[in-house]
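# An overview of the molecular structure
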Amino acid sequence: MDNLRLKFSKTGRAIYISHLDLMRTMQRAFFRAGLKLKYSEGFNPHAQISFALPLSVGTASCCELMDFRLSEFMSLTEIPFLLNKALPEGISVLEAYEPQTKFKDIKWLDVDGAFEYDGRSADDKVSGLMDFFSQNSIIIPKKNKSGISEVDIAPSIKSIEFDSSGSFVRLKAIVSAQNPTLNPELLVSALEHLAPELAPDFGAFTRTQLYDCDMNIFR
Amino acid sequence: MPKLTALKKRMCDMDKKLLRILPKVQKPARYTGGEYNQIIKDKASVDIRMALCFPDTYEIGMSNLGIRILYGIINEMDGVWCERVFAPWGDMENEMRSNNIPLWALESGDPLAEFDAIGFSIGYEMAYTNVLNMLDLAGIPIRSKDRPELTPLVFAGGTSCCNPEPMADFFDLCVIGEGEDADRELLLLLREAKKTGMSKKEFLSEAAKIEGIYVPSLYEPVYNEDGTLKELRTLENAPEYVTRRIVTDFDGSYFPVKPVVPSTEIVHDRVTLELFRGCIRGCRFCQAGFVYRPVRSRNVNRLINQGIDSLENTGYQEITLSSLSTSDYRSLNGLCDGLLDFCIPKSIGLSLPSLRADNFSMELMDKVHQVRKSGLTFAPEAGTQRLRDAINKNVREEDILSTCRIAFEGGWNNIKLYFMLGLPTETAEDVLAIGGLAMKVLSAWKSYSSNKSKGINITVSTSCFVPKPHTPFQWEAQVDMDEYRRRVALLRGNMRAKAITYNWHDADTSFVEAVLSRGDRRIGTVIEEVWKNGGKLDSWSEYFSFERWMTAFKKCGLDPKFYACRERPFDEVLPWSRIDIGVKPEFFRHEREMCYKGLLSPDCRKKCENCGAVLLMKGGRCDG
């Protein structure tokens, strides 16, 4: 079958499965589900699968996308059912469909986050966080191959809201998914560098939705 | 119920702490559980909880077939939940210690102290410090005498328990031999003991009646003035000898066709089929070749079905065959054909380790390696025919060279040769002959290679011979480290061809291993001392410290050379003398004499030499 797309979530204990391990895990799950992935031709055949945006270890998601091809026909409603019986805890297929789009058209993504403050009131942080992230430019050092460079993350944050909830602050943000990619963890490291008093003791994130450049939901 | 609330709260706290730690450590998926095929049971419906511990990392432990078998078979018991525990890597250990997180089991996340039984599977001596470290990380006292309660019961099994004495002070009991039946009987007895309120002491004397169970506290070592053992005195009604336990119906015995599939890469990330236990060869240095006797095989059709079921249940794209000498499986061709019929259309790879050079079939290799031509590996073990005969390694130089010729004609260009240095009776001539053999392989390539443009890689590796208990060489002295290094240097100086790469194993680990393998109960204090000074993960070069071991020996007033480099007379009481391994001591003695005469013994299929192991079959036959 021609190009198909899988939408799946990766939560709970599965958030620690790395990108490379996820590729292996998916291939094995397809095999266990009796779904035959199409392999490339050549000396070292590999399954034709590709993921939209690699997810960093420790981040959860309910909108992961993976494209794949099958060598045999299979009904689209059957695929999630078969796969969900074959996947490890924490990975769950939500939908399989024929895509009309290409991954390169993904531009923005919705991120939910929780900032935990140990022994400090989270309520006090909300307005400070709002002010900090509404700045026109937030320049932080970023490690890359040639050493450390500076990067302005402000243009990569389309919107961000904070809301206190007891011992932690909830955040909802729309950030740039690619070109450039904003890893949500940089929101925490920006605080650590520039406003340590606002930096949480721990931040956890979940991807919730993907959009194209016109903010249409990406499918 | 205030107690339950407190427990729940603590669990939440731990989870919260873990959530923060996991993103900081290397390969966190090793610590989370949740893999496909893991077994989750309702805590309310079980009355025995067992932690199956492997004293090394997740990647090593999850590759271990013994762990897969025991995990499956124990979980088949009603009312028993068996979970997995591995040693954390150093970064994780630091985080656990600084955040007060006790070692937990992967399935439930519950700390080990809550379990009824904590069983370690120990395959190699260098893991001993990990056992102590894991108990300590769990907050459990490391010494048996400091654990007065019945539970958690701390015990061990695995090949290292062939000599249980070095770890005798730490374990409540040891399972000698195969755990399939003994572990289940032990857990049933533990259930009974919990119900009837038995004391630990009462339980242990009952457990000692189970065949294959060695209770160290029922044997008291008495020493001579020269430091050798005078006797291992039996206390109370301890059995004179503990006979190694085996599975008599191996063909019909449990095999895990639904193993846990790790979500992160492990060392042997594939389906492993077990063809047979035991070995017909009787190489005199090889502990495995004696302590798994008698030979018991699995039916070829059963194996094919187990292979297919395992592949379908795991989704693995690779399957391998496991045994001590794959070539000696009688229906190897039929097995490969049956598996390949399933594997080839699905692009599943089949690999064949442990092939012998003498009856090596190129056709078989060609069939199996349809996609890639990986390297060929031979283990001649010694350089001259004289020494190969002395160690009963039934491989002839012409066999190796003719196999190489076929391989080179078939386009192979990567050969690995494994040898040991320091074997009994070894001379300089034997050492130099290793280089000579490598040169002959090289010239075979020059004469017969079908594709010389790609060049050739010959890798020669040597390790330092470690005499092991329950082998014909159990009385031998290990060559001291300076002598070993001298032999390495001698060989290095005589292997100069560009196509030959020479790797040698470092002497330090082999020396410590030699002490631990044949140590007595006093060695336990050294292991504890090493661990107290930070020793752990000793099979990893980044953690092993020779200095730390030597300092500990000194502090404990023990000379490591007394254990490693001293030839022991036949009449000396050996620390493992209470263990009846199945093979008779007289057989080992005879085989050692044959070594010094330079004589071969026939393999078990040519002629049964009456080693004694068949008696373990209780009337069943040996498939040697």
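Residues numbered from 1 in each chain as written. Chains lettered and ligands numbered in written order. Predicted model: local features only at pLDDT ≥ 70, side-chain atom pairs only at ≥ 80, totals over all residues. Heavy atoms only, no water.

### Quick look at the overall build of chain A
If you tally the helices and strands in chain A, you get four helices and 10 strands. Listing every helix and strand of chain A by position from the N terminus yields β-α-β-β-α-β-β-α-β-β-β-β-α-β. Across its three principal directions, the C-alpha atoms of chain A cover 55 × 35 × 30 Å. When the accessible surface of chain A is totalled, it reaches about 10,600 Å², and 51% of it is carbon and sulfur. (Helix = DSSP H or I, 4+ residues; strand = E, 2+ residues; numbered from the N terminus. Areas by Shrake-Rupley, 256 points an atom, 1.4 Å probe, with all protein chains shown as cover.)

### As for the pairing of strand β1 (residues 48-54) of chain B
Residues and elements named next belong to chain B. Buried residues dominate β1, accounting for seven of its seven residues. Every second residue of β1 is oriented toward a common face, with Ile 48, Met 50, Leu 52 and Phe 54 on one face and Arg 49, Ala 51 and Cys 53 on the other, all of them buried. Bridge analysis of β1 against strand β2 (residues 80-86) gives seven bridges, and the strand direction is parallel. Note on β2: the bridge partner recorded for Met 50 is Cys 82. Looking at chain direction, β1 and strand β3 (residues 117-121) are connected through four bridges and run parallel. Looking at the pairing, Cys 53 lines up with Phe 120 of β3. (Buried < 20%, exposed > 50% of the residue type's maximum accessible area, 1.4 Å probe, protein only. Pairing = 2+ DSSP bridges.)

### Some remarks on the sheet that holds strand β16 (residues 414-421) of chain B
All names here are of chain B. The four strands are arranged β15-β16-β17-β18 in an open sheet whose pairing can be described as parallel. The sheet terminates laterally at β15 (376-381) and β18 (500-504), the two strands that pair on one side only. Each strand of the sheet is rotated relative to its neighbour by a mean of 20°, with strand direction disregarded. In this fold helix α14 (residues 428-448) packs onto β15, β16, β17 (457-464) and β18, with an angle of close to 170° to the strand it touches most, β16. (Axes fitted to C-alpha atoms, helices over the stretch in contact; angles between N-to-C directions. Contact = heavy atoms within 4.5 Å.)

### Quick notes on helix α18 (residues 546-555) of chain B
Residues and elements named next belong to chain B. Among the residues making up α18, those that are buried are Trp 549, Ala 552 and Phe 553. Down the axis of α18, the buried side of the element spans an arc of 100°, and every buried residue falls inside it. Turned more than 90 degrees from where α18 packs its buried face, Glu 547, Lys 554 and Lys 555 sit exposed. Those residues of α18 that are buried are in contact with α5 (128-137), α16 (507-517), α17 (523-532) and α19 (560-564). Phi turns positive, to about 70°, at Gly 557, one or two residues after α18. (Arc of directions from axis to C-beta.)

### Quick word on the side chain of B:Thr32
Its place among the elements puts B:Thr32 in the loop between α1 (2-21) and β1. Judged by relative accessible area, which is 9%, B:Thr32 ranks as buried. Excluding its chain neighbours within four sequence positions, the residues that come into contact with B:Thr32 are A:Arg13, A:Tyr16, B:Leu22 and B:Leu106.

### Structural notes on the packing of helix α13 (residues 397-409) of chain B against α14(B)
Angle between the axes and distance between the axes: these two values describe a pair of packed helices. Residue and element names in this part refer to chain B. Across the interface, α13 lies against α14 with an axial gap of 9 Å and an inter-helix angle of 35°. Seen along the crossing, α13 lies across α14 with a hand that is right-handed. Contact residues: Glu 397, Ile 400, Leu 401, Cys 404, Arg 405, Phe 408 and Glu 409 in α13; Leu 437, Lys 440, Val 441, Ala 444, Trp 445 and Tyr 448 in α14. When the residues that make up the contact of α13 with α14 are grouped by side-chain class, the tally is nine nonpolar, no polar and four charged. (Left-handed = near helix turned anticlockwise from the far one by under 90°. Nonpolar A, V, L, I, M, F, W, Y, C, P; charged D, E, K, R; others polar.)

### Some words on the nonpolar core
In this structure, B:Phe120, B:Leu173, B:Phe203, B:Leu321 and B:Val460 are the most contacted members of the largest nonpolar core, which totals 189 residues. Looking at this core element by element, the count peaks at eight residues for α14(B). The next biggest cluster of nonpolar side chains, apart from the first, holds 40 residues, and it includes A:Leu53, A:Cys63, A:Ala154 and A:Phe205. (Core = buried A, V, L, I, M, F, W, Y, C linked by side-chain atoms within 4.5 Å.)

### Focus on the domain arrangement of chain B
As far as domains go, chain B holds domain 1 (17-243), domain 2 (249-349 + 582-624) and domain 3 (373-505). A C-alpha centroid distance of 39 Å is found between domain 1 of chain B and domain 3 of chain B. (Domains from an automatic or database assignment.)

### Details of the environment of B:Gly620
For B:Gly620, the position within the fold is in the segment after α20 (585-597). Spatially, the C-alpha atoms of B:Gly620 and B:Leu190 are 30 Å apart, while their sequence positions differ by 430 residues.

### With respect to the pattern of salt bridges
Residue and element names in this part refer to chain B. Evaluated as defined, the whole model comprises 74 salt bridges over all chains. Between Asp 172 and Arg 147 there is a salt bridge; the shortest N-O distance is 3.1 Å. Of this pair, Asp 172 sits in the loop between β4 (153-157) and β5 (173-175) while Arg 147 sits in the loop between α5 and β4; the two residues are 25 residues apart in sequence, bridging distant segments of the chain. Salt-bridge contacts for Asp 482 lead to Arg 485; the nearest nitrogen and oxygen are separated by 3.6 Å. Of the two residues, Asp 482 and Arg 485 are both situated in helix α15 (residues 481-493); the distance of three residues between them amounts to about one turn of the helix. Residue class for Arg 485 comes out partly exposed when judged on its relative accessible area of 39%. What emerges from the salt-bridge pattern is a single network uniting Glu 178, Glu 180, Glu 274, Arg 277 and Arg 296. (Salt bridge = Lys/Arg side-chain N within 4 Å of Asp/Glu carboxyl O.)

### What about the side chain of B:Glu35?
Tracing the chain through its elements places B:Glu35 in the loop between α1 and β1. A distance of 2.8 Å separates a polar atom in the side chain of B:Glu35 from a polar atom in the side chain of B:Arg84. Residues in contact with B:Glu35, not counting those within four places in the same chain, are A:Pro88, B:Tyr58, B:Arg84, B:Leu106, B:Val260, B:Val261, B:Pro262 and B:Ser263. (Polar contact = N/O pair within 3.5 Å; in protein donor to acceptor, adjacent residues only side chain to side chain.)

### So, the domain arrangement of chain A
All names here are of chain A. As assigned here, chain A comprises domain 1 (4-100) and domain 2 (105-211). Facing 14 residues of domain 1, the contacting portion of domain 2 comprises 12 residues. Here domain 1 meets domain 2 over a buried area of about 1,000 Å², counting both sides, of which 59% is carbon and sulfur. The largest contributions to the domain 1 side of the interface with domain 2 come from Leu 53, Thr 59 and Cys 63, which together make up 50% of the buried area. Our count for the domain 1 to domain 2 interface comes out at one salt bridge. Applying the counting criterion to the domain 1 and domain 2 interface returns six residue pairs in polar contact (both at pLDDT 80 or more). With six residues, the single largest contributor to the side of domain 1 that touches domain 2 is strand β3 (residues 60-68). (Buried area = accessible area lost by both parts, 1.4 Å probe.)

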